Amino acid sequence: MKLRRSIVIGAVAAATVGALTIAPAVASLTAPSPADQTLRDLGRRHGLAIGTAINVDLLNDTTQPQYKQIASTQFSTVSPENVMKWESVEPTQGTYDWSKADAFVKFAQQNHQLIRGHVLVWHNQLPKWLTDGVTAGTITKTQVRALLKKHITDEVAHFKGKIWQWDVVNEAVSDPWETNNVIKLRDDASKGFWYNNYGPDYISDAFKFARAADPHALLFYNDYNIDAFGSQGADDKAQFVYNMVKDLKSKGVPIDGIGSQGHLSTRYGNFDSIQIANAQNKFASLGVATAITEADVRSLMTDALKAGDSNAVNEAFQAQAENYSNLMQGCLAAPHCLSFTVWGFDDKNNWTTTTDLGSGPGGEALAAIYDANYQPKRALNALKADLAYTGEPYVRDRIPQHPSR
Ligand code: G3I
């Protein structure tokens with residue numbers, strides 16, 4: 001069922017529901033609840049694609065059929081959580097294995113979902129043959145340059161015409177706590193692989209290689225901790241990314257978008273929706289699209305939360321819903337924000353359940369919008385309400401982005 005954008009709480013305009021026009025006085029009583037509609041349909045009211053990361057293996061897991069059911073119905077865009085990463089597609093040098101990535105693309109196409117390709121250049125999840133070869137000196141820096149070009153060219157060409165947005169370069173920028181409050185391109189031993197072995201021009205070259213291989217995909221720079229601007233000085237990661245993209249664009253590098261991952265935790269301050277909208281709009285002022293690309297909101301797993309104490313659960317889930325909502329409202333209020341993607345949608349499989357985020361493995365978890373039994377959490381309804389109860393003048397249709405040349 002499709003709701004027209006004129007349905008706004010308290011609005012005088014009539015709402016059109018299917019073929020019926022409902023008078024305003026009756027609309028509030030008879031309009032269907034947003035909870036009964038999909039995120040995908042609600043996003044359509046604003047031209048906003050709503051997405052999730054997909055774990056391809058779970059699409060065939062018969063012990064949890066809800067995964068595939070929700071993945072195929074709630075979302076209009078999907079991102080491969082792992083299967084397009086370099087270690088997945090070229091586990092042995094010179095031998096590609098596209099099987100899982102192709103299965104992911106097939107799933108998306110069957111469900112009429114747009115694809116965010118993820119990810120071409122990252123310091124993480126590189127094939128072992130590459131990192132070991134560089135460490136051992138059997139792969140030289142000259143060869144590294146040729147290998148990156150080949151990787152991007154071959155992967156983008158393999159999926160040519162099927163990808164809406166590519167995350168071309170991911171997480172190239174340091175965090176303030178890593179580099180003494182002065183942000184820079186990552187150049188440390190563990191995360192500076194590309195800077196150290198290719199040189200700083202790896203970023204501009206990556207976008208050029210990707211554009212040459214698919215002229216129609218939107219090419220994104222993607223990072224976390226850029227949800228809002230801070231001091232706008234040397235310690236402000238969002239400002240660094242803004243300056244970097246401005247510089248790339250001034251040099252004619254074909255970059256079309258900035259993705260803000262949106263990995264949040266209720267234990268931190270995070271941001272209000274106006275700060276997030278301001279950041280999205282400031283990035284867009286560079287002439288690029290924006291997107292929320294990996295939203296999730298973790299809870300610090302206190303003993304009370306682990307024990308399922310209802311007060312602790314209530315507190316955590318309210319804070320979580322507020323943070324999801326802030327991200328969504330910030331995106332909605334910025335018309336160049338083309339998509340809002342959650343990084344997994346259930347607490348059973350979300351990556352935070354096994355990852356050590358500074359509190360031990362699973363120490364910050366319960367980050368998703370459905371619980372571990374695939375029941376909707378407060379955060380899901382908050383997102384649906386944001387999509388349903390908004391419209392002109394503050395929320396407008398999305399402004400399409402065309403690939404830059
Ligand atoms: O493939 C192996 C498998 O063979 C093995 O049996 C299993 C046992 O641990 O591990 C498997 O690898 C895991 C891989 O996911 C695939 O499931 C890795 O251990 C695990 O570290 C890896 O985690 C992924 C993480 O990126 C790696 O940094 C997460 O699933 C994925 O959600 C996460 O996604 C990243 C984005 O790409 C970029 N932004 C941050 C985001 C969250 O960290």
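To be clear, the structure that these remarks concern was listed above.
Residues numbered from 1 in each chain as written. Predicted model: local features only at pLDDT ≥ 70, side-chain atom pairs only at ≥ 80, totals over all residues. Heavy atoms only, no water.

### Things to note about the overall build of the chain
1) Next: Assigned secondary structure in the chain consists of 14 helices and 12 strands.
2) Next: Here the C-alpha atoms of the chain give a radius of gyration of 21 Å, agreeing with the 22 Å that 2.2 N^0.38 yields for 405 residues.
3) Next: Taking the principal axes of its C-alpha atoms as reference, the chain extends roughly 75 × 50 × 45 Å.
4) Next: A total of 405 residues make up the chain; the buried ones form 55% of that total.
5) Next: For the chain, the share of sequence-separated contacts (at least 6 apart) that also reach a separation of at least 24 residues comes to 78%.
6) Next: On the chain, roughly 17000 Å² of surface is accessible, and the fraction owed to carbon and sulfur atoms is 53%.
7) Next: Computing the positive centroid from 38 side-chain charges and the negative centroid from 42, the chain places the two 7 Å apart. (Helix = DSSP H or I, 4+ residues; strand = E, 2+ residues; numbered from the N terminus. Rg over C-alpha atoms; globule rule 2.2 N^0.38 Å. Buried < 20%, exposed > 50% of the residue type's maximum accessible area, 1.4 Å probe, protein only. Contact = heavy atoms within 4.5 Å. Areas by Shrake-Rupley, 256 points an atom, 1.4 Å probe, with all protein chains shown as cover. Lys, Arg positive; Asp, Glu negative; His and termini not counted. Charge placed at Lys NZ, Arg CZ, Asp CG, Glu CD.)

### What to know about the pattern of salt bridges
1) Next: Scanning all chains against the criterion turns up 18 salt bridges.
2) Next: Close ionic contact of lysine 150 with aspartate 154 constitutes a salt bridge, the shortest N to O distance being 2.7 Å. In this pair, lysine 150 and aspartate 154 are both assigned in helix α7 (residues 141–158), four residues apart and thus about one turn of the helix distant.
3) Next: Overall, the relative accessible area of 39% leaves lysine 150 in the partly exposed class.
4) Next: For aspartate 154, a relative accessible area of 23% gives the class partly exposed. (Salt bridge = Lys/Arg side-chain N within 4 Å of Asp/Glu carboxyl O.)

### A look at the packing of helix α11 (residues 273–284) against helix α13 (residues 310–332)
1) Next: Running from N to C, α11 and α13 cross one another at 40°; their axes reach a closest spacing of 7 Å. Taken together, the axes of α11 and α13 lie oblique to each other. Between α11 and α13 lies a crossing whose hand is right-handed. Side by side, α11 and α13 meet where Ser273, Ile276, Ala277 and Gln280 of the first sit next to Asn326, Leu327, Gln329 and Gly330 of the second. (Axes fitted to C-alpha atoms, helices over the stretch in contact; angles between N-to-C directions. Parallel < 35°, antiparallel > 145°, perpendicular 65-115°, else oblique. Left-handed = near helix turned anticlockwise from the far one by under 90°.)

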